[in-house]
Amino acid sequence: MRRSYTIRLAPLGFWLTLTLATMKDQIDTLLSEQRRFPPPRAFAARAAATTALYDAGRDWKRFWEEQARALDWMSPWNRVLDWKPPHARWFVDGKLNAASNCLDRHIAGPRRNKAAIIWEGEPGDRRVLTYWDLAREVRRCANALKALGIRRGDRVAIYLPMIPEAVIAMLACARIGAVHSVVFGGFSAESLRDRINDAQAVAVITADGGYRRGQVLPLKRFADEALAHCPSVKHCIVVRRVGEEAFAAMEEGRDHWWHRLLQPVSTESEPEAMDSEDMLFILYTSGTTGKPKGIVHTTGGFLTHVAATTRYVFDLREEDVFWCTADIGWVTGHSYVVYGPLANGATVVMYEGAPDWPERDRFWSIVETYGVTVMYTAPTAIRAFMKWGPEHPSRHDLSTLRLLGTVGEPINPEAWIWYHEHIGGGRCPIVDTWWQTETGGIMITPLPGVTTTTPGSATVPFPGISAELVDANGKRLEKGGGFLTITQPWPGMLRTIYGDDERYQQTYWSRFPGRYFAGDGAKLDEAGYWWILGRVDDVLNVAGHRIGTMEVESALVDHPAVAEAAVVGRSHDLKGQALAAFVTLKDGKQASPGLKDDLKDHVVKKIGAIARPDDILFSADLPKTRSGKIMRRLLKDIAEGRTLGDTTTLADPAVVNRLKEMYEEKES
Ligand code: PRX
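Residues numbered from 1 in each chain as written. Predicted model: local features only at pLDDT ≥ 70, side-chain atom pairs only at ≥ 80, totals over all residues. Heavy atoms only, no water.

A.B. asks: How should the sheet that holds strand S5 (residues 126–130) be read in this particular structure?
C.D. replies: Backbone-to-backbone hydrogen bonds pair the strands of a sheet. The strands run either parallel or antiparallel. A sheet is described by the order of its strands in space; here 7 strands give the open sequence S5-S4-S17-S16-S18-S19-S20, paired in mixed fashion. At either end of the open sheet lies a strand with only one pairing partner, and these are S5 and strand S20 (430–433). Taking each pair of neighbouring strands and ignoring which way they run, the sheet shows an average axis angle of 15 degrees. Sheet analysis places strand S4 (residues 115–120) next to S5, joined by 5 bridges and oriented antiparallel. Each residue of the ladder has a partner; that of Glu-120, found in S5, is Arg-126. Its contacts with the sheet put helix H15 (residues 331–343) on S4, strand S16 (321–324), strand S17 (347–351), strand S18 (374–377) and strand S19 (403–407), and the angle it makes with S16 is roughly 165 degrees. (Pairing = 2+ DSSP bridges. Helix = DSSP H or I, 4+ residues; strand = E, 2+ residues; numbered from the N terminus. Axes fitted to C-alpha atoms, helices over the stretch in contact; angles between N-to-C directions. Contact = heavy atoms within 4.5 Å.)

In structure tokens form, the structure reads like this:
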């Protein structure tokens, strides 16, 4: 049976024309951006990257092979790449261990006592772990996992706040060859349950709770709710983070306190020799169906990609203090809080809480206190900082900063300039990096010290990456608006979707045969610079978080009062996109403000707070084609306040006009 996602994405030409038409304003604005920022001379003089790197990248297989050599391999590869589209095997037959690449090789040398993690908790507590400390804790955790019977290849879910134990747990899994599946702490019990069951995880590592804006998030209680429906899980390891404030009962036999479990365990442990293509982790991300996809990343290629991009894109030097503000529950945290920087022996800053707690200068106080030199954050955060005003950063000495980065969504030129001036003091290059959970590492980005930047453009592909723009028919375009595709395999690419290789092939490789289709619209300018326009499918980017409209729709229709729901994204000044839901109720159910709140809470319970709808509009009908398909693009026009597009295919054109009037009159 054909699945719904293939049907919804089928009429590509039609869809492209519409998508690009709605993006036209965006394209025109971007085209008018004239400002250019050549690399500062002093920066270029010491930069890790040079133009030679672009030359080297032309021979892409050899380039990646060179990058792989920077890692420690237990035995070498026989071939760089086996490519049977769309399945790639990189560094074939090579053996390595990702955790020992991040730890053992550093403690054998002068980095032994260097800070690996400088951590600050939201309440203000601090911990510094040297490479030696981190290696010791990872070994103990690895041994504790083994003692519980967890073996190579087993899946382990990690549901933790941003505390050092999250990194320790990930690396301990990698050390013994277990596959980690980190679930963002902001996801609900039900989301956790679904991810655990899809991965058939044998263990969960969580905490009693975590701090967020002064509140305690009771993670263990959520985990308990999830675990009541997860028969594969035999063990739950619980970090004590908040104590009495989030008391949760421990289940005899299943639950173990982290500190008790690790306390008597030895630090002797040999890392498993993993095949380059052995799974390192699964990370769930939203797609165009209600069911999140388990993105599979393997060991050698992923580590090669993230280590190389960290080195060149963030220009890492021995004395740098690198702060990627992402949570490890997202891919950015995997690649640029954990594996990339630690493989390079860098000092990483980790912060547990919110940027505006207790004050709106929290980030800048962290930069000043720890002397952060390279900072990597999301445009949505920058837009919030802009709104809060420059007085917050200006109260702090930010002179240690030398390089800034952004990721996760298109950055509007205004935010770029603000970041450059108020955070970077006008002296720091900015790297706007485009990539995805699926790509593993950065794909399109300036090389600091080499590439001239322009606000709003991610500039050009990283060396060894080949991006091409195509039209609806897959024909290559030299410039203009179209779809972003990748034409050659790259080491950090996802290998499959866990348990659903057909969906992998269908989602990424079938729309444009022979090409990886990222799901993003883009513009390529005269100079060959890329301007990412955003998703062209049913995936939304809300405050830098990826959310599938179908997931939210499924959560809404799960509510007993809801008959039907359609969710679309609308532009939002701070969050990039906001969620607008159109809901029809079952017979006999009354629309009310109370029900609206109830529905929003229901979505939070089903998915997590990141998916809470911003607007809910009750309606007797939804606009449908004669064949009964909901026309979401018209709903998007309504939510965006645009003139309605073509309505001729509607079964009842009056429905949409009524909705438009109602939306314009709605109170919020
Ligand atoms: O639409 C693109 C947007 O984020 C999507 C990927 O989301 P996710 O898998 O959650 O990974 C985010 C962090 C790597 C992309 O399809 N995106 C990411 N970076 C950029 C971006 N859009 C524009 N500019 C970027 N720099």
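A.B. asks: Would you explain the pattern of salt bridges in this entry?
C.D. replies: It is possible for side chains of opposite charge to pair when their charged atoms get near one another. Across all of its chains, the model carries 56 salt bridges by this definition. For Lys-114, the salt bridge identified is with Glu-318, shortest N-O distance 2.7 Å. Placement of Lys-114 in the loop between helix H8 (104–107) and S4 and of Glu-318 in the loop between helix H14 (299–313) and S16 is noted, with a sequence separation of 204 residues between them. Among the residues examined, Glu-318 registers a relative accessible area of 42% and is labelled partly exposed. Arg-152 serves as the salt-bridge partner of Asp-278, at 3.1 Å between the closest nitrogen and oxygen. Remark: Arg-152 occurs in the loop between helix H9 (131–147) and strand S6 (155–159) and Asp-278 occurs in the loop between strand S13 (274–275) and strand S14 (279–285); sequence separation between them is 126 residues. (Salt bridge = Lys/Arg side-chain N within 4 Å of Asp/Glu carboxyl O. Buried < 20%, exposed > 50% of the residue type's maximum accessible area, 1.4 Å probe, protein only.)

A.B. asks: Is there a simple way to explain the confidence of the model for the protein in this structure?
C.D. replies: Low-pLDDT portions of the prediction should not be read for the details of their coordinates. Per-residue confidence for the protein gives a mean pLDDT of 93, with 95% of residues at or over 70. Between residues 1–14, whose pLDDT stays under 50, and residues either more than four places distant or in other chains, the model counts 24 contacts. (pLDDT = per-residue confidence, 0-100.)

A.B. asks: Please explain the state of the cysteines as it appears in this structure.
C.D. replies: Disulfide: a covalent bond connecting the sulfur atoms of a pair of cysteines. Inspection of the entire model under this criterion finds 0 disulfides. The thiol of Cys-230 is unpaired, and the distance to the nearest cysteine sulfur, on Cys-236, comes to 10 Å. Its relative accessible area of 4% is what places Cys-230 among the buried residues. The cysteine Cys-428 is free of any disulfide, with Cys-324 supplying the nearest cysteine sulfur at 17 Å. (Disulfide = S-S within 2.5 Å.)

A.B. asks: Help me understand the sheet that holds strand S25 (residues 516–524), please; the structure alone is not making it clear to me.
C.D. replies: Strand order in the open sheet made by the 5 strands is S22-S21-S23-S25-S26, with antiparallel pairing throughout. The outermost strands of the open sheet, each flanked by one partner alone, are strand S22 (476–477) and strand S26 (530–535). Where strand S21 (residues 467–470) lies against S22, 2 bridges are found, and the strand directions are antiparallel. Pairing of Leu-469 across the sheet is with Leu-477, part of S22.

A.B. asks: Just to check I follow, could you spell out the packing of helix H11 (residues 189–199) against helix H12 (residues 219–227) for this structure?
C.D. replies: Any two packed helices are characterised by how steeply their axes cross, that is the angle between the axes, and by the distance between the axes. Put simply, H11 and H12 touch, their axes get as near as 8 Å, and they point 50 degrees apart. Relative to H12, the element H11 is oriented oblique. When you trace H11 past H12, the crossing you get is right-handed. Across the interface between the two elements, Ala-189, Leu-192, Arg-193 and Ile-196 from H11 touch Phe-222, Ala-223, Glu-225, Ala-226 and Leu-227 from H12. (Parallel < 35°, antiparallel > 145°, perpendicular 65-115°, else oblique. Left-handed = near helix turned anticlockwise from the far one by under 90°.)

A.B. asks: Would you take a moment to explain the nonpolar core for this structure?
C.D. replies: Note on soluble globular proteins: their nonpolar side chains tend to be buried together. In this structure, Leu-134, Leu-171, Phe-314, Tyr-339 and Leu-342 are the most contacted members of the largest nonpolar core, which totals 122 residues. Beyond its immediate chain neighbours, meaning those up to four positions away, Leu-342 contacts Asn-101, Cys-102, His-106, Ala-116, Tyr-131, Leu-134, Val-167, Leu-171, Val-337 and Val-348. The next biggest cluster of nonpolar side chains, apart from the first, holds 41 residues, and it includes Ala-226, Ala-561, Val-583 and Leu-585. (Core = buried A, V, L, I, M, F, W, Y, C linked by side-chain atoms within 4.5 Å.)

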